[in-house]
Structures are given as C-alpha cells and as structure tokens.
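Descriptive analysis of the structure
The lines below spell out each chain.
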Amino acid sequence: MSKRKKIIQKSIEAANGLSLGISIIVAIILGIALGYFLKKITGITFLFWIGIFWGIAAAILNVYKAYKAQVKSYEEFQNKK
C-alpha cells in the first residue's frame, strides 16, 4: 500500500471516530433539551430526568450501531483474504 493510500485511510478512520463522538454528544444534548422542554411545559421535574435518560440511551445505541458496522466491516475484510 502506498504512503498516500495509508494517509487517506488513516484520515477516514479518524473522521469516523470523530463523527461517533459528535453523535454521542448531540444525542445527550438533545435528550437534555427535550427533558428541559417537557419540564418547563408541564412543571414535572421527573420528565427532565427521563429526557436525560433518553439522550444517554440514544448515545449508547449510536455506539452499538457503530460497533456492529465495524464488526461487519472486519468480517468482510477477513473474507477477502
């Protein structure tokens, strides 16, 4: 593999890792915002914590989906050998 191809491959891997991190942060922030919005509308504090839980659950789901995609990619790579 040429040096240029290695650099491009490393850049793509770094971008994938960065997008996963951003999706985790966005999921948690959206969950907090949703919980805060529901709390302000209804006045029920418990809804704020439910929003936080939804955000964290969405972040965990994003990590799980990324993991499954990496496993599938690895299996395809192994089958090509």
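Brief notes about the environment of Ala27
Mapping Ala27 onto the fold places it in helix 1 (residues 3-42). Along the sequence, Ala27 and Ile60 sit 33 residues apart, while their C-alpha atoms lie 9.2 Å from each other. Once residues lying within four places of it in the same chain are set aside, the contact partners of Ala27 are Gly55, Ala58, Ala59 and Asn62.

Overview of a nonpolar patch on the surface
Side chains of Leu34, Phe37, Ile41, Phe53 and Trp54 sit close together on the surface and give an oily, nonpolar patch of about 560 Å² of accessible area. Those elements giving two or more residues to the nonpolar patch turn out to be helix 1 and helix 2 (46-80). Per-element accounting of the nonpolar patch gives the leading share, 3 residues, to helix 1. Its location among the elements puts Leu34 in helix 1. Using a relative accessible area of 36% as the deciding quantity, one classes Leu34 as partly exposed.

A closer look at the environment of Ile56
Tracing the backbone shows Ile56 in helix 2. You can call Ile56 partly exposed: its relative accessible area is 41%. Along the chain, Ile56 and Ile28 lie 28 residues apart, while their C-alpha atoms are 5.5 Å from each other.

Reading guide: rules and limits
- Residues numbered from 1 in each chain as written.
- Predicted model: local features only at pLDDT ≥ 70, side-chain atom pairs only at ≥ 80, totals over all residues.
- Heavy atoms only, no water.
- Helix = DSSP H or I, 4+ residues; strand = E, 2+ residues; numbered from the N terminus.
- Contact = heavy atoms within 4.5 Å.
- Patch = residues over 30% accessible without salt bridge, like charges linked within 9 Å, V, L, I, M, F, W, Y side chains within 5 Å.
- Areas by Shrake-Rupley, 256 points an atom, 1.4 Å probe, with all protein chains shown as cover.
- Salt bridge = Lys/Arg side-chain N within 4 Å of Asp/Glu carboxyl O.
- Buried < 20%, exposed > 50% of the residue type's maximum accessible area, 1.4 Å probe, protein only.

Everything listed is a geometric property; what it means functionally is a separate question.
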